[in-house]
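Residue-level structure breakdown
Here's the letter readout for the chains.
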Amino acid sequence: MDIPSLVSELLQNAERHRASDIHLHQTPQGLSISFRLDGLLTEVKTLDLETGERVIGRIKYLARLKTYQSSLPQDGRIEKAASGTSQDIRVSTYPTVTGEKLVLRLFSGLSTPVFEELHFKPSVTETLLQALRQPSGLILLTGPAGSGKTSTIYASLSFLSKNLKKQIVTIEDPVEQVIPGVTQTEVKELLGLTFASAAKHVLRQDPEVLVIGEIRDEETARTAVRAALTGHLVIATLHGGSCHGVIERLLNFDPDRHAISQSLLLIINQRLLRSFCPHCHGSKCERCLHTGYLGRIPIVELLHKSESLARYVQDRNAPIPELKQTLLKAGQDLVSQNKTSSVELSRVMGDPPQ
Ligand SMILES: [Zn+2]
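Calculation criteria
- Residues numbered from 1 in each chain as written.
- Predicted model: local features only at pLDDT ≥ 70, side-chain atom pairs only at ≥ 80, totals over all residues.
- Heavy atoms only, no water.
- Helix = DSSP H or I, 4+ residues; strand = E, 2+ residues; numbered from the N terminus.
- Buried < 20%, exposed > 50% of the residue type's maximum accessible area, 1.4 Å probe, protein only.
- Contact = heavy atoms within 4.5 Å.
- Lys, Arg positive; Asp, Glu negative; His and termini not counted.
- Charge placed at Lys NZ, Arg CZ, Asp CG, Glu CD.
- Pairing = 2+ DSSP bridges.
- Axes fitted to C-alpha atoms, helices over the stretch in contact; angles between N-to-C directions.
- Donors = N, O, S within 2.8 Å, 3.2 Å for Na, K, Ca; no water.
- Tetrahedral: all angles 85-135°; square planar, octahedral: opposite > 155°, others 65-115°.
- Core = buried A, V, L, I, M, F, W, Y, C linked by side-chain atoms within 4.5 Å.
- Salt bridge = Lys/Arg side-chain N within 4 Å of Asp/Glu carboxyl O.

Helices and strands together make up the secondary structure of the chain, namely 13 helices and 13 strands. The 354 residues of the chain split such that 49% are buried. Of all intrachain contacts in the chain linking residues separated by at least 6 positions in sequence, the fraction that spans at least 24 positions is 59%. Where the 40 positive side-chain charges of the chain centre and where its 38 negative ones centre are 2 Å apart.

The following block contains the structure:
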């Protein structure tokens, strides 16, 4: 097979298997090619040194990068017309001691997810929709990278825009999907357009709903809380590790306990578990590239507006409000329903305490 065909087959194959990224790494033995499937890297092919080098050259050519430059990182994009895929592919190269490393990011999912496609438990969807119907307040999401926060936010935006006809402005880093009817902005740190500065300006655009990709400084936190108290629904992510961690982090950024307790509507902490392949039920087949898994299901714990939450935020010594369900319990339920394995649950949550 010639190199151009080899490369387009690789890209189309990745798309067909719903890979989110393709990793190509030059080693002294050759080129190792892996797909990120449902969050995990799986090696799918190795090529000899010479073929590998020509594949790298072809990808750089398609992404309009300098093909002779291999000692400095470069960023580019392969347009869908050139790749034969249904979407553009972002290409990033990086020099390593054993040769170049290329990561190709496929923006998976052309359509914005709707709630039914997120596979939340009905009670979780109901709680989230109830919060989204409020005219103002703060909805916070937490979870590590790849835990599905962005999908939850996009499904929420789609609901707010389509069903409730809300005027929505987002500040994201980066914009991963363009949603019809939503005003989306990308942070540009180098130009001084940070989450904090964008959030301040965006409020003058008279939004009903404000989405802040991530609260990571005091100024953004204060803007978010103030906006939520002055008639805006604010949706944001924040690193916290747990629902209670989110409250602590927010209080560190903005110590106004009263304002935070008044504005908080809902905190969601989520993870994604890989679910058994529906074609082989975990026993590994061609369709799941012999991993046994295909697709992912979220597990969620949440805290929603209540008197005990408000008391806890206002008073350090008040009892900690209890979660309705913990992440671990949600995961164990899925294991007992035979939707995933306990190995997968341990991979995501760590080993259970002995
Ligand atoms: Zn399978």
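Pairing within the open sheet is mixed, and its 7 strands lie in the order β9-β8-β10-β11-β7-β12-β13. Every other strand in the sheet has two partners, leaving β9 (183–186) and β13 (293–304) as the edge strands with one partner each. Each adjacent strand pair in this sheet contributes to an overall mean axis angle of 15°, direction not counted. Summarising the sheet, strand β7 (residues 137–142) and strand β12 (residues 264–276) pair through 5 bridges and their orientation is parallel. When the sheet's bridge partners are listed, L140 is paired in β12 with I267. Contacts between helix α5 (residues 122–132) and the sheet are confined to β7, β11 (233–237), β12 and β13, with β12 contributing the most and set at about 145° to the helix.

Next up on the list: the coordination of the zinc ion. In the first shell of the zinc ion, the protein supplies C277 (SG), C280 (SG), C285 (SG) and C288 (SG), at 2.3 to 2.4 Å from the metal. Around the zinc ion sit 4 donor atoms; with metal-centred angles ranging over 104 to 112°, the donor geometry is tetrahedral. Summarised as a motif, the one-chain spacing of the donors to the zinc ion is C-x2-C-x4-C-x2-C. Grouping residues by exposure puts C280 and C285 together as buried.

The subject of this paragraph is the nonpolar core. With 34 residues, the main nonpolar core has L138, L140, I212, I215, I247 and L264 as its most contacted residues. It is helix α9 (residues 243–253) that contributes the most residues to this core, 6 residues altogether. Leave out the neighbours within four places in its chain, and L140 touches I215, A236, L238, V246, L250, L264, L266, I267 and I268. Counting 29 residues, the second-largest nonpolar core is a separate cluster that includes A131, L141, L160 and L266.

Glancing now at the pattern of salt bridges. By the definition in use, this model includes 15 salt bridges. Measuring nitrogen to oxygen at the nearest pair gives 4.0 Å for the salt bridge that ties D21 to R36. Remark: R36 occurs in strand β2 (residues 30–37) and D21 occurs in strand β1 (residues 21–27); sequence separation between them is 15 residues. Owing to a relative accessible area of 5%, D21 belongs among the buried residues under this scheme. Among the residues examined, R36 registers a relative accessible area of 26% and is labelled partly exposed.

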